[in-house]
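If you want the building blocks of each chain, they are given just below.
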Amino acid sequence: MNALAGRGVEVTALGLGTGGMGNLYTVVSDEEAHQAVTAAWRQGVRYFDTAPHYGLGLAERRLGAALRDHPRGEFTLSTKVGRRLEPTGDAAPGDDLAGGFAVPATHRRVWDFTADGIRRTLDASLERLGVDHVDIVYLHDPDDHAEVAFREGYPALERLRAEGVVGAIGAGMNQTPMLTRFVRDTDVDVVLCAGRYTLLDQSALTDLLPTAVDRGTAVVIGGAFNSGLLADPRPGARYDYAAAPPELLDRALRLRSVAARHGTTLRAAALAFCAAHPAVVSVLAGARSAAEADDCAEQFRAPVPAAFWRELRESGLLPPDAPVPATETPS
């Protein structure tokens, strides 16, 4: 377990992300979702991340149901605020595929980073999860709402932390400039950086990660596979929730070829790379089934030869300043 400095909150080096369990793109059954959580637990995962956005609350309900099998003090739970769910009141709702999730559009998402909105959103999450507290709360994608997020949303999280309602606070985003501002200008404990520190995108090296090291702020990495391209590079694979551009598909295929030459897998290398940076305390991997959860854990533990990293640097597939594992297995 890795501790968030001074907060009494710990996370496992590998965490479980639950976007897929919210029916991201395609339907997952309740049983499949439950088995994914059970398999992750069996593999030693004790950090679970979710959000109201994922399936309009479906991921939170499913995660909460699966975790009821385990004592609350034995796992770390994070959720997010900033997208408040309001019932549509439609008798025959359509689907939420425009939002990315294969669920009925029974609710609408309302951007709300006000202090009142933060508390209302968190209270609703606690009800869906069936718990009396979460350990970490992130402001979720405040990209276009910076003013209210810094003026009201962040101070609201500070108050929740001071009151002991949550253990640690932070922000989760798919970009690094605003996350860097949170680390530099506030007292966040942790930030969740999705997709910006991977084998295909090391942009977090320019601002976020050095600042986090300087400030002693923990970083959780999401999107280690860049929406799937680094898990299974092929035509039609997704990158950042959309079809992968040809040049990135080509780069991913080259990375996979190097991994095969060195007797490892691209999945193992992708996870190991994210975990190797000194600011990173946990890497989130999504899973829709027990098989995927088992595979993520096995790949995370798999050795990645030092010669693989050397070839990536020598071929220009990895910048020379990107940290790689000091040993052949992730810590």
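Everything discussed here concerns the structure shown above.
Residues numbered from 1 in each chain as written. Predicted model: local features only at pLDDT ≥ 70, side-chain atom pairs only at ≥ 80, totals over all residues. Heavy atoms only, no water.

**Student:** Can you walk me through helix H9 (residues 290–301) in this structure?
**Tutor:** Side chains three or four residues apart in an α-helix point the same way, a direct result of the helix having 3.6 residues per turn. For H9, spanning twelve residues, the distance from its first C-alpha to its last is 17 Å, which sits close to the expected 16 Å at 1.5 Å a residue. For H9, the set of buried residues is Ala293, Asp294, Cys296, Ala297, Gln299 and Phe300. Here the buried face of H9 lies against strand S3 (14–17), helix H1 (30–42), helix H8 (266–275) and strand S16 (280–286). (Helix = DSSP H or I, 4+ residues; strand = E, 2+ residues; numbered from the N terminus. Expected span 1.5 Å × (residues − 1). Buried < 20%, exposed > 50% of the residue type's maximum accessible area, 1.4 Å probe, protein only. Contact = heavy atoms within 4.5 Å.)

**Student:** Explain unusual backbone geometry here, please?
**Tutor:** Keep in mind that most residues, glycine aside, have a negative phi and that most peptide bonds are trans. A positive phi angle, close to 50°, is found at Leu56, a residue other than glycine. Along the chain, Leu56 turns up in the loop between strand S4 (47–49) and helix H2 (58–67). Of note, Asp141 is a non-glycine position whose phi angle comes to about 50°, a positive value. On the secondary structure map, Asp141 appears in the loop between strand S10 (134–140) and helix H4 (146–162).

**Student:** What is the right way to read helix H10 (residues 306–315) from this model?
**Tutor:** Three or more residues of H10 are buried, namely Phe308, Trp309 and Leu312. All buried residues of H10 project into a common sector of 95° when viewed along the axis, lining one side. Looking at the buried positions of H10, the neighbouring elements they touch are helix H7 (246–261) and H8. Directly after H10, the chain includes Gly316, whose backbone phi takes a positive value near 80°. (Arc of directions from axis to C-beta.)

**Student:** Any chance you could explain the pattern of salt bridges here in plain terms?
**Tutor:** Close approach of charged atoms lets side chains of opposite charge pair. With the rule as written, the count across this model stands at 25 salt bridges. Notably, a salt bridge pairs Asp189 with Arg7, separated by 2.6 Å at the nearest N-O pair. Here the residue Asp189 occupies a position in the loop between helix H5 (177–185) and strand S12 (190–194), and Arg7 occupies one in the loop between strand S1 (2–4) and strand S2 (9–11), the gap between them amounting to 182 residues. The class of Asp189 is buried, set by a relative accessible area of 8%. Glu147 serves as the salt-bridge partner of Arg151, at 3.1 Å between the closest nitrogen and oxygen. Of this pair, Arg151 and Glu147 are both found in helix H4, four residues apart, which corresponds to roughly one turn of the helix. (Salt bridge = Lys/Arg side-chain N within 4 Å of Asp/Glu carboxyl O.)

**Student:** Please clarify how the packing of aromatic side chains should be interpreted in this entry.
**Tutor:** Aromatic ring pairs: the centre-centre distance and the angle between the two ring planes describe each pair. Summed over the entire model, instances satisfying the criterion amount to nine aromatic pairs. Between the aromatic rings of Trp41 and Phe75, the centroid separation amounts to 6.2 Å while the plane-to-plane angle is 75°, which identifies the pairing as edge-to-face. Of the two residues, Trp41 is situated in helix H1 and Phe75 in the loop between H2 and strand S5 (76–81); the sequence distance between them amounts to 34 residues. An identical accessibility class is assigned to Trp41 and Phe75; each is buried. Grouped by ring-pair contacts, the aromatic residues Tyr197, Phe273, Phe308 and Trp309 constitute a single cluster. Over the ring of Tyr25 we find Arg238, and its NZ or CZ is 3.6 Å from the ring centre. (Phe/Tyr/Trp six-rings, centres within 6.5 Å; stacked < 30°, edge-to-face > 60°. Lys NZ or Arg CZ within 6 Å of the ring centre and 35° of its normal.)

**Student:** How do you make sense of the pairing of strand S13 (residues 218–222) when you look at a structure like this?
**Tutor:** Working note: regular strand, side chains alternate between the two faces of the sheet. Among the five residues in S13, five count as buried, and that is most of the element. Here S13 shows no split at all, with Ala218, Val220 and Gly222 on one side and Val219 and Ile221 on the other all buried. The sheet contact formed by S12 and S13 spans five bridges and is parallel. Bridge assignment links Val191 to a residue of S13, and that residue is Val219. Each parallel crossover has a hand, and for S12 linked through helix H6 (residues 208–215) to S13 it is right-handed. Here S13 pairs with S16 via three bridges, running parallel. Bridged to Ile221 within S16 is Val283. (Pairing = 2+ DSSP bridges. Right-handed = clockwise from strand over helix to strand, strands pointing away.)

**Student:** What is the right way to look at the pairing of S12 in this model?
**Tutor:** Counting buried positions over the five residues of S12 gives five, a clear majority of the element. Of the two faces of S12, both are covered, the one formed by Val190, Leu192 and Ala194 as well as the one formed by Val191 and Cys193. Pairing between strand S11 (residues 166–173) and S12: four bridges, direction parallel. Note on S12: the bridge partner recorded for Gly172 is Leu192. In the classification by handedness, the crossover that spans S11, the intervening H5 and the parallel S12 is right-handed.

**Student:** Explain the packing of helix H3 (residues 115–129) against H4 here, please?
**Tutor:** To describe two helices that pack against each other, one gives the angle between their axes and the distance between the axes. Between H3 and H4, the shortest axis-to-axis distance is 8 Å and the interhelical angle comes to 55°. Taken together, the axes of H3 and H4 lie oblique to each other. For the pair H3 and H4, the crossing hand works out as right-handed. Facing Ala115, Ile118, Arg119 and Leu122 of H3, the residues of H4 in contact are Glu152, Gly153, Ala156, Leu157, Arg159 and Leu160. (Axes fitted to C-alpha atoms, helices over the stretch in contact; angles between N-to-C directions. Parallel < 35°, antiparallel > 145°, perpendicular 65-115°, else oblique. Left-handed = near helix turned anticlockwise from the far one by under 90°.)

**Student:** So what exactly am I meant to see when it comes to the nonpolar core here?
**Tutor:** Soluble, globular proteins show a tendency: their nonpolar side chains are buried together. Counting 93 residues, the largest nonpolar core has Phe48, Leu199 and Trp309 as the members making the most contacts within it. Looking at this core element by element, the count peaks at eight residues for H8. Once residues within four sequence positions are removed from consideration, Trp309 is found in contact with Leu199, Ala269, Ala272, Phe273, Val304, Leu318, Val324 and Pro325. Counting residues in each nonpolar core, the second largest holds 14 residues, with Val9, Tyr47, Tyr138 and Val190 among its members. (Core = buried A, V, L, I, M, F, W, Y, C linked by side-chain atoms within 4.5 Å.)

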